[in-house]
Amino acid sequence: MIDINFAYLTILLNAVLVASRIVGIPVVPFNPLSTSDDGNYSIKSLKKLVVDSRYLESRDETGETLIPPSLHDFAKTFLDDLHSTLNLDLEISIGEKPGPDSIFLTLGDPTNYTDVSGALTSEGYSLSVDSDGIVITGASPLGAWWGTRTVLQQAILSNGSLAYGEADDAPGWGIRGMMLDAGRHYYPPEFITELCSYMSFFKQNTFHIHLSDNLYNNVALYSREQSLELYARFRLWSDSEDLAGLNKYKNESYTRDQFEEIQTTCASRGVTVIPEIEAPGHSLVIVQWKPELALSSDISLLNISHPETIPTMKLIWGTFLEWFHSKTVHIGADEYRGDPNEYNRFVNEMASYIYEESGKSTRIWGTFPPKPEYTNIYENVSIQHWEFFEDDPYHDYILNNYSVLNSDDTFYVVNKWSGSYPQVIDVAKTFTGNPATGGIWQPYIFDSKVAANNPEKSNPLVLGEIAALWNDYGANASVYSEAYYAWKDGIPALADKQWGGDLLEPEFTSAFSTLLPFIPGQNLDRTIRSTGTTIFAYNTSSTSTAQSYTALGPWKETCLLDQSDNGYDATTDCSLTPSSTLKISHTCSVKTPLSSKGRDYTLTLRLLISSLDSAKDATLLTGTDSALMLTPSLTLFASGNYYRLNTTLPVGSWVDVSVIGRGNQTFASVQQTASLGHALPEVGSMAATEEEFLAILGINGVSFVWAPVAVEAPIAQVGGKDAGWTGQLAAMRLSSEA
């Protein structure tokens, strides 16, 4: 939350007006009305948010989503953002005209807004700022929503004020977003919706989720039996008996209610979820369910000529089509190595079936470009290009009248490790990726090296761009948040260019660093507000006791006073020992008001393990993203994976245990406590050697790679039911230094 005086912003970026342009992410075309100091409207002056009563329930029916929010819906979300980001407590009122000192949301003439091809776009908006307040006029409610993102950004970037002036803004391309491989790594719904909030702030509108896949089937090495045991997942969970056995892992899947929540939450911020179920390639999970459908040369591929293959895929899609609220769905069709004509028949039959059943369009990955000798795929199937060894998007598809979505591997990411691709988006290429000029990249540029392979910027068959993140080496390679960190800088850098912006690198770097702490609807960095580097500090000798009365009788609670200046007092129902330490057991716990801390941090505990339950692993400390355990070695459990050290904790001795999150690495150190009366060791002063938590990646059955893993600090609870240990706690501290 920003204090309305903006006094504690560490970096202030005044929006720079240059050539009718204002710095934002994306950049905004802007015509200032004044260049004097008093030509600004202070956000502090706002009194209300007014929604035009004539368009209150208007919705954008022309976009990709089938569940478009109304103008009133977007206004309510905007109101929440004004509070969380700018500390403004406004009320919504309904009326036909703006009042003094108001933000007025309305709709205008949709024919005023076009994309780079000259086609109408419902995502355009106009912004007017003068001494009376702010007016946002959308081509549709979605256009007005993007206007609200501009207002939030400019208030942050311009120290709480907006310059008097006018803007007419519209995206250059209709599809702007990211693709996440959830087939080879599960991600919880709340992580996905936080990503949508992050993307939306920068006006991205599409989240493509890859819902089924398998690890690479190394046919040169694996037996059929080994292939059938290889990691493969289908992430949608249906109770339909027709699909019994397709998905065996409900705890790592999305139920209909969960997927509904993902779609509606993302849509509430202007982001459409595009689902992908992969076939006939990358289909080992289907073959593990129905082995008879396998292609003999590689059982991770479907044998399309088998009489039950296409009916099986229709059965799967027929079950889930009604779940999906997008006008386009993705059937995968990537990297198939069977007969091209059979492949094309598969795509066409599935596209026809999907349209007949639901009215939805079909998208595929570019695999077998059209040739005279083929029975080619229908032209109404859109192509998602990712690599030139699979297709030439301009010459193979666009010149043959196919619509193409750019996902070229220029911005391709493989999470954690790859012999070929980076682990974070190459942001520099967004500024230098145009092979014709050496300047900025935009979505019409499929080939960043050869200009002749790219269409004109205004070509209407270029749909936009989606950058993909793949989890080629499976679920144990990374924790959930590492997908975000792979994209953290890349999403805003791409978003500017996907919209049609032309930010230069220094402009982007300055704007992004200022905007980052205030992006609403998410806390992917797991930041915690703090007046200093010490976030909390507990010493069990500094407590207070409170007693309350409930229907069950009196309730006594001990409070551990936070010795920092933040007031994050913890509570406990554990008893104090004569030495003023807390006696931890399965019947009591210590609870903080916090849950998880992201990069960077040092978490230190002074504790004594009295006994361990031989029948289970011990859980020392838990949080929303991770747990610190003894298994029996010191272990961090995160995202369904155990990351173990060689280090153990002694039973019967006081120790100081530190877990350190330093950039993309996580460490721990353990040393004997010199004296209970001594303060916890300062950050970085532990005498004991640090040992690093590592992810162990199997590389296609050939080798192993040990890679860093960045695990959030678990800070919600010490001990408690089923913790599996007894002992004592004397002190606990969390610092933002590492």
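Given the structure is predicted, the values throughout are model-derived calculations rather than measurements.

### Structural notes on the overall build of the protein
Secondary structure assignment for the protein yields 13 helices and 44 strands. Here the C-alpha radius of gyration of the protein, 28 Å, is about what a compact globule of 738 residues would show, namely 27 Å. Every one of the 738 residues in the protein was classed for burial, and the buried ones make up 59%. Put simply, of all contacts in the protein between residues at least 6 apart along the chain, 70% involve residues at least 24 apart. For the protein, the accessible area works out to roughly 28400 Å², and carbon and sulfur atoms hold 49% of it. Averaged over its 46 positive side-chain charges, the protein has a centre that lies 5 Å from the centre of its 87 negative ones.

### Quick notes on the state of the cysteines
Inspection of the entire model under this criterion finds two disulfides. Note on cysteine connectivity: cysteine 196 is disulfide-linked to cysteine 266, with sulfurs 2.1 Å apart. With the S-S dihedral at roughly 80 degrees, the linkage between cysteine 196 and cysteine 266 falls on the right-handed side. Here cysteine 196, found in helix α3 (residues 189–201), pairs with cysteine 266, found in helix α5 (residues 256–267); they are 70 residues apart in sequence, far enough to count as distant. For the pair cysteine 196 and cysteine 266, a shared accessibility class is recorded, and that class is buried. Across the disulfide from cysteine 574 sits cysteine 588; the S-S distance is 2.1 Å.

### Looking at the nonpolar core
Residues Tyr254 and Trp317 are the most contacted members of the largest nonpolar core, which totals 151 residues. Considering each element in turn, this core owes the most residues, nine residues, to helix α2 (residues 141–157).

### A look at the sheet that holds strand β8 (residues 125–130)
Each strand in a sheet pairs with another by means of backbone hydrogen bonds, the pair being arranged parallel or else antiparallel. Pairing in this open sheet of seven strands is mixed, and the strands run β3-β11-β8-β9-β7-β5-β6 from one edge to the other. Looking at strand neighbours, the two that pair on one side only are β3 (31–32) and β6 (91–95), the edges of this open sheet. When β8 meets strand β11 (residues 165–169), the two strands line up antiparallel, connected through five bridges. The partner of serine 126 across the bridge, within β11, is aspartate 168.

### Some details on the packing of aromatic side chains
Under the defined criterion, the tally for this structure stands at 31 aromatic pairs. Between the aromatic rings of phenylalanine 74 and tryptophan 145, the centroid separation amounts to 5.1 Å while the plane-to-plane angle is 25 degrees, which identifies the pairing as stacked. Here phenylalanine 74 is found in helix α1 (residues 71–86), whereas its partner tryptophan 145 is found in helix α2, with 71 residues between them in sequence. The pair formed by phenylalanine 74 and tryptophan 145 is uniform in burial state, with each residue classed as buried. By the ring-pair criterion, three or more aromatic residues cluster together here, those being Tyr186, Tyr187, Phe191, Tyr254, Phe259, Trp317, Phe324 and Tyr480. Directly above the ring of tyrosine 231 sits arginine 233, whose terminal nitrogen or CZ lies 4.0 Å from the centroid.

Basis of the calculations
Residues numbered from 1 in each chain as written. Predicted model: local features only at pLDDT ≥ 70, side-chain atom pairs only at ≥ 80, totals over all residues. Heavy atoms only, no water. Helix = DSSP H or I, 4+ residues; strand = E, 2+ residues; numbered from the N terminus. Rg over C-alpha atoms; globule rule 2.2 N^0.38 Å. Buried < 20%, exposed > 50% of the residue type's maximum accessible area, 1.4 Å probe, protein only. Contact = heavy atoms within 4.5 Å. Areas by Shrake-Rupley, 256 points an atom, 1.4 Å probe, with all protein chains shown as cover. Lys, Arg positive; Asp, Glu negative; His and termini not counted. Charge placed at Lys NZ, Arg CZ, Asp CG, Glu CD. Disulfide = S-S within 2.5 Å. Core = buried A, V, L, I, M, F, W, Y, C linked by side-chain atoms within 4.5 Å. Pairing = 2+ DSSP bridges. Phe/Tyr/Trp six-rings, centres within 6.5 Å; stacked < 30°, edge-to-face > 60°. Lys NZ or Arg CZ within 6 Å of the ring centre and 35° of its normal.

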